[in-house]
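Summary of structural features
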Amino acid sequence: VFMLCHTLLLPRLLRTLIKSIATVCNPPDARLPLAFIQAGLRLRGVSWWSSPSHLEYQLALLIQAGLIKGYLSHDKATLVVSKRNAFPRLDSSPL
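Attention here is on the structure that accompanies the text. On a predicted model such as this, the values are computed, not experimentally measured, just so you know. (Residues numbered from 1 in each chain as written. Predicted model: local features only at pLDDT ≥ 70, side-chain atom pairs only at ≥ 80, totals over all residues. Heavy atoms only, no water.)

What follows covers helix H2 (residues 34-43). Looking only at H2, the buried set comprises Leu34, Ile37, Gln38, Gly40 and Leu41. One side of H2 holds all its buried residues, which, seen down the axis, span an arc of 160 degrees. The positive-phi residue at the C-terminal boundary of H2 is Gly45, with phi of around 80 degrees. (Buried < 20%, exposed > 50% of the residue type's maximum accessible area, 1.4 Å probe, protein only. Helix = DSSP H or I, 4+ residues; strand = E, 2+ residues; numbered from the N terminus. Arc of directions from axis to C-beta.)

Taken in spatial order, the 3 strands make up an open sheet running E1-E3-E2, and their pairing is antiparallel. Each of the sheet's edge strands pairs with one partner strand only, and the pair in question is strand E1 (31-33) and strand E2 (70-73). With strand direction ignored, the average angle separating the axes of adjacent strands in the sheet is 20 degrees. Here E1 pairs with strand E3 (residues 78-81) via 3 bridges, running antiparallel. In the sheet register, Arg31 faces E3, and the bridge partner there is Val80. Its contacts with the sheet put H2 on E1, E2 and E3, and the angle it makes with E1 is roughly 55 degrees. Together, E2 and E3 form the strand contacts of helix H3 (residues 52-65), whose direction differs from that of E2 by roughly 160 degrees. (Pairing = 2+ DSSP bridges. Axes fitted to C-alpha atoms, helices over the stretch in contact; angles between N-to-C directions. Contact = heavy atoms within 4.5 Å.)

Here the focus is the pattern of salt bridges. In total, this model carries 1 salt bridge according to the counting rule given. A salt bridge links Asp29 to Arg31, with the shortest nitrogen-to-oxygen separation between them at 3.8 Å. (Salt bridge = Lys/Arg side-chain N within 4 Å of Asp/Glu carboxyl O.)

Another aspect to go through is the pairing of E2. In this structure, E2 lies alongside E3, joined through 4 bridges in antiparallel fashion. Considered in E3, the bridge of Leu72 is made with Leu79. Counting the residues in the hairpin turn of E2 and E3 gives 4 residues, including Ala77, whose phi is positive at 50 degrees.

Our focus in this paragraph is the packing of H2 against H3. Closest axis-to-axis distance for the H2/H3 pair is 11 Å, and the angle between their directions is 100 degrees. When the axes of H2 and H3 are compared, the pair comes out roughly perpendicular. Mapping the contact onto sequence places Leu34, Ile37, Gln38 and Leu41 in H2 and Pro52, Leu55, Glu56 and Leu59 in H3. Among the residues making up the contact of H2 with H3, the classes are represented as 6 nonpolar, 1 polar and 1 charged. (Parallel < 35°, antiparallel > 145°, perpendicular 65-115°, else oblique. Nonpolar A, V, L, I, M, F, W, Y, C, P; charged D, E, K, R; others polar.)

Take the side chain of Thr78 next. Relative to the elements of secondary structure, Thr78 occurs in strand E3. Overall, the relative accessible area of 11% leaves Thr78 in the buried class. A polar contact of 2.8 Å, which involves the side chain of Thr78, links it to the backbone oxygen of Lys76. (Polar contact = N/O pair within 3.5 Å; in protein donor to acceptor, adjacent residues only side chain to side chain.)

Glancing now at the nonpolar core. Leu14, Ile18, Ile37, Leu59, Leu79 and Val81 are the most contacted members of the largest nonpolar core, which totals 21 residues. Listed by contribution, the elements that provide at least two residues to this core are helix H1 (2-25), H2, H3 and E3. When residues in this core are grouped by element, the largest group, 5 residues, is from H1. In contact with Leu79, not counting residues within four places along its chain, are Ile18, Ala30, Arg31, Leu32, Leu34, Ile37, Leu59, Ile63, Tyr71 and Leu72. (Core = buried A, V, L, I, M, F, W, Y, C linked by side-chain atoms within 4.5 Å.)

Rendered as C-alpha cells:
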C-alpha cells in the first residue's frame, strides 16, 4: 500500500502543488524557486519529502514523465516551467 501511495499519489500531489504555486505566484518569467515548493510541501505535512536533493529528483521524474513541461536549474535552485501548457492534462501522461 505504501509503494502504491508513493508511486502514484505523491507525484500527482507534487504536480498539483506546483501548479497551485505557479497560479498564485504567476511569475512573468515562469521561474519557481524550489524554496516555494519546499514551503508548500511543509504546509501540506510532507516535510520528509522536501529535502533539496530529493525534491530535485522528484521534479526531474515529473518532467521526464511529461507531467510538467520545463526544466530544472540546479545552480539557481529553480524550476522553470513552460509558458505554454506547463501542466498537460493528466489523462495524456503515462502515470
